[in-house]
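Each chain is listed here by its residues.
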Amino acid sequence: QVQLVESGGGLVQAGDSLRLSCEVSEGTFSQYVMGWFRQAPGKEREFIGCITWTGGRTSYADSVKGRFAISRDNTKNTVYLRMNDLNSQDTAVYYCAAVDSPAFPLRRLTSYNYWGQGTQVTVSS
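Keep in mind the model is a prediction, meaning the values are calculated, not measured.

1. Some words on the environment of Thr75
Residue placement: Thr75 occurs in the loop between strand S7 (68-73) and strand S8 (78-83). Given a relative accessible area of 72%, Thr75 falls into the exposed group. A polar atom in the side chain of Thr75 sits 2.5 Å from the side chain of Asp73.

Take a look at the structure:
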């Protein structure tokens with residue numbers, strides 16, 4: 001059974017940076033498109049970005065483009081989300097997701113088969 005475990009969340013100040021990790025167990029990680037999503041209180045889960053199987057391409061939501069960066073290490077079965085210049089609007093639970101698919105980019109929640117449990121990021125101003 002494929003499991004995704006996020007880590008790296010926490011409480012930070014506005015303007016700080018943070019890196020989230022998502023480790024995938026089971027399955028063939030190098031075949032997965034990996035996505036990051038977030039859900040703020042009272043809001044729907046939204047797409048942040050995704051990365052191809054080898055990490056050669058990424059795609060981002062306009063709201064984070066230029067501040068967030070996704071990367072992956074297929075030797076560690078891990079995908080990362082680097083977040084810079086955080087602000088209060090970035091406060092949310094962050095989720096990683098995976099799917100074995102030839103399509104890219106994948107921006108819809110329903111495109112992904114596997115999800116992590118989420119990690120809380122709180123940005124204080």
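2. With respect to the packing of aromatic side chains
Counted under the stated rule, the structure contains six aromatic pairs. An angle of 75° between the planes, with centres 5.7 Å apart, marks the rings of Phe37 and Phe47 as edge-to-face. Pair noted here: Phe37 is in strand S4 (residues 32-39) and Phe47 is in strand S5 (residues 46-51), with a separation of 10 residues, a long-range link. What makes Phe47 buried here is its relative accessible area of 9%. The side chain of Arg45 reaches across the aromatic face of Tyr95, ending 3.6 Å from its centre. Above the ring of Trp115, the side-chain terminus of Arg45 is found at 5.1 Å from the ring centroid.

3. Topic: the state of the cysteines
Counted under the stated rule, the structure contains one disulfide. Residue pairing for Cys22: its cysteine sulfur links by disulfide to Cys96, the two sulfurs lying 1.9 Å apart. Here Cys22 and Cys96 share a disulfide; its torsion about the S-S bond, 60°, makes the bridge right-handed. Taken together, the residues span a long stretch of sequence, with Cys22 in strand S3 (residues 18-25) and Cys96 in strand S9 (residues 92-100) at a distance of 74 residues.

4. Comments concerning the nonpolar core
Counting residues in each nonpolar core, the largest one holds 38 residues, and the members touching the most others are Met34, Trp36, Leu81, Met83 and Tyr94. Mapped onto this core, the elements with two or more residues apiece are S3, S4, S5, S7, S8, S9 and strand S11 (119-124). A total of six residues in this core trace back to one element, the largest contributor, which is S9. Discounting chain neighbours no more than four positions away, the residues touching Tyr94 are Glu6, Leu20, Phe37, Arg38, Ile48, Phe68, Leu81, Met83, Gly118, Thr119 and Val121.

What counts and what doesn't
Residues numbered from 1 in each chain as written. Predicted model: local features only at pLDDT ≥ 70, side-chain atom pairs only at ≥ 80, totals over all residues. Heavy atoms only, no water. Helix = DSSP H or I, 4+ residues; strand = E, 2+ residues; numbered from the N terminus. Buried < 20%, exposed > 50% of the residue type's maximum accessible area, 1.4 Å probe, protein only. Polar contact = N/O pair within 3.5 Å; in protein donor to acceptor, adjacent residues only side chain to side chain. Phe/Tyr/Trp six-rings, centres within 6.5 Å; stacked < 30°, edge-to-face > 60°. Lys NZ or Arg CZ within 6 Å of the ring centre and 35° of its normal. Disulfide = S-S within 2.5 Å. Core = buried A, V, L, I, M, F, W, Y, C linked by side-chain atoms within 4.5 Å. Contact = heavy atoms within 4.5 Å.

Take it as geometry only, folks, not as evidence of what the structure does.
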